[in-house]
Amino acid sequence: YESVYRPFPEEQMQSVIKLSQRIIESHQIKPWHVLGHSDIAWRRKIDPGELFDWQRLSSEGIGLWPQPHLDMKSRKIENSTFLKKMAAYGYDIDDNEDQLSEIITAFQRHFRPQNINGGLDKEMVAILDSLLDQKIN
């Protein structure tokens, strides 16, 4: 992964966008149901990884992306609450804080690729809250 992992070529991203849009339209897939291997099988998969342009896909109507200007001041960092919210978003988790770092790393690969540290912080809570708000509304 690390020795050969490189940004996805533009041609590949364009193909993914076109194919995804067709599949989403044909099957009426909700944006929050568009996930990657590392979201679904975070215990054993790390692809497509932090170089996959999820934000671009979201701008094309594929998946969700956290809304800009996240309010982080009022966020509380509570492991158990974060895990429950991850489950509400669709991550397959056990209410087990022993694997919290691995779950957060998978989430960061998708939604905060610029800072993958496996740590729970106010920004992570704000990102997840933003995604859940979009899912509800």
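See the structure shown above.
What you see is a predicted model; the values in this text were computed from it and never measured.

S.K.: So what's going on with the overall build of the protein chain? Residues and values would help.
M.R.: Of the regular secondary structure elements, the protein chain holds six helices and zero strands. Each helix (α) and strand (β) of the protein chain, taken in turn from the N terminus, gives the series α-α-α-α-α-α. For a compact globule of 137 residues, the expected C-alpha radius of gyration is about 14 Å, and the protein chain comes in at 15 Å, within 12% of that figure. Each principal axis of the C-alpha distribution contributes one length, and for the protein chain these read about 40 × 40 × 30 Å. For the protein chain, the proportion of contacts with a sequence separation of at least 24, taken over those separated by at least 6, is 64%. Surface summary for the protein chain: the accessible area is close to 8,300 Å², and the carbon and sulfur share equals 48%.

S.K.: Mind laying out helix α6 (residues 122-136), listing which residues take part and the relevant values?
M.R.: Taking 1.5 Å per residue, 15 residues should reach 21 Å; α6 reaches 21 Å between its end C-alpha atoms and fits that length. Of all the positions in α6, only M124, V125, A126, I127, L128, D129, S130, L131 and L132 are classed as buried. For α6, the secondary structure elements touched by its buried residues are α4 (79-89) and α5 (100-111). For α6, the capping residue at the N-terminal end is D121, with a side-chain oxygen 3.1 Å from the backbone nitrogen of E123.

S.K.: An account of the environment of Q12 is requested, with residue identities and associated values reported.
M.R.: In this fold, Q12 is placed in helix α1 (residues 10-27). For Q12, a relative accessible area of 37% puts it in the partly exposed group. Sequence spacing of Q12 and S26 is 14 residues, and the spatial spacing of their C-alpha atoms is 21 Å.

S.K.: How would you explain unusual backbone geometry if you had to name every residue and give the values?
M.R.: With an omega of 10°, the peptide bond between D47 and P48 qualifies as cis. Note on placement: P48 falls in the loop between α2 (37-40) and α3 (54-59). A positive phi angle, near 50°, is found at Q28, a position not held by glycine. Position of Q28 among the secondary structure elements: in the loop between α1 and α2.

S.K.: Report on the nonpolar core, specifying residues and quantitative values.
M.R.: F82, M86, Y89, Y91, F107 and F111 are the most contacted members of the largest nonpolar core, which totals 31 residues. Those elements that provide at least two residues to this core are α1, α3, α4, α5 and α6. If we skip the residues at most four places from it in the chain, M86 touches Y91, I93, I103, F107 and L128.

S.K.: If you had to explain the pattern of salt bridges to someone new, which residues and values would you point to?
M.R.: Per the counting criterion, the structure on display carries seven salt bridges. Note that R56 is salt-bridged to E10, the shortest N-O span being 2.7 Å. Remark: E10 occurs in helix α1 and R56 occurs in helix α3; sequence separation between them is 46 residues. Owing to a relative accessible area of 21%, R56 belongs among the partly exposed residues under this scheme.

S.K.: Give me the packing of α4 against α5: which residues, what numbers.
M.R.: Between α4 and α5, the least distance of the axes is 12 Å, while the angle of their chain directions is 50°. If you check the angle between α4 and α5, you find them oblique. Helix-helix and strand crossings are classified by hand; for α4 and α5 the assignment is left-handed. On α5, the residues touching N79, F82, L83, M86 and Y89 of α4 are L100, I103, I104, F107 and F111. Looking at the contact of α4 with α5 residue by residue, the classes come out as nine nonpolar, one polar and no charged.

Rules and cut-offs
- Each chain carries its own residue numbering, running from 1 in the written order of its sequence.
- Reporting of local features is limited, given that this is a predicted model, to residues whose pLDDT is at least 70; pairs of side-chain atoms are given and counted only at 80 or more, and all residues count toward the totals for whole chains, interfaces and linings.
- To get the side-chain values, all heavy atoms of the structure are used, and hydrogens and water are removed first.
- Helix and strand assignments follow DSSP, with helices taken as H or I runs no shorter than four residues and strands as E runs no shorter than two, numbered in order from the N terminus.
- For the radius of gyration, the atoms used are the C-alpha atoms, and the globule rule reads 2.2 Å times the number of residues raised to 0.38.
- Whether two residues are in contact is decided by their heavy atoms: any pair within 4.5 Å suffices.
- Methods summary: accessible areas were calculated by the Shrake-Rupley approach with a probe of 1.4 Å, and residue burial reflects only the protein chains presented.
- Here the expected span of a helix is defined as 1.5 Å times the quantity of residues minus one.
- Only protein chains enter the accessibility calculation, which uses a 1.4 Å probe; a residue whose area is less than 20% of its type maximum is buried, one above 50% is exposed, and one in between is partly exposed.
- Pairs of N or O atoms within 3.5 Å make up the polar contacts considered here, provided that, within protein, one atom can donate a hydrogen while the other can accept it, and that residues adjacent in sequence are counted only when both atoms are side-chain atoms.
- To qualify as a nonpolar core, a set must consist of buried Ala, Val, Leu, Ile, Met, Phe, Trp, Tyr and Cys residues joined through side-chain atoms within 4.5 Å.
- For this document, the term salt bridge refers to a Lys or Arg side-chain nitrogen within 4 Å of an Asp or Glu carboxyl oxygen.
- Here, axes are lines fitted to C-alpha atoms. For helices the fit covers the stretch in contact, and angles between N-to-C directions go from 0 to 180 degrees.
- Each angle receives one of four descriptions, namely roughly parallel if under 35 degrees, roughly antiparallel if over 145, roughly perpendicular if within 65 to 115, and oblique otherwise.
- Should the near helix be turned anticlockwise from the far one by less than a right angle, the crossing is termed left-handed; should it be turned clockwise, right-handed.
- Following the grouping adopted for this structure description, the nonpolar residues are Ala, Val, Leu, Ile, Met, Phe, Trp, Tyr, Cys and Pro, the charged ones are Asp, Glu, Lys and Arg, and the polar ones are all others, Gly among them.

Remember that the coordinates give geometry; whether it matters functionally is a separate question.
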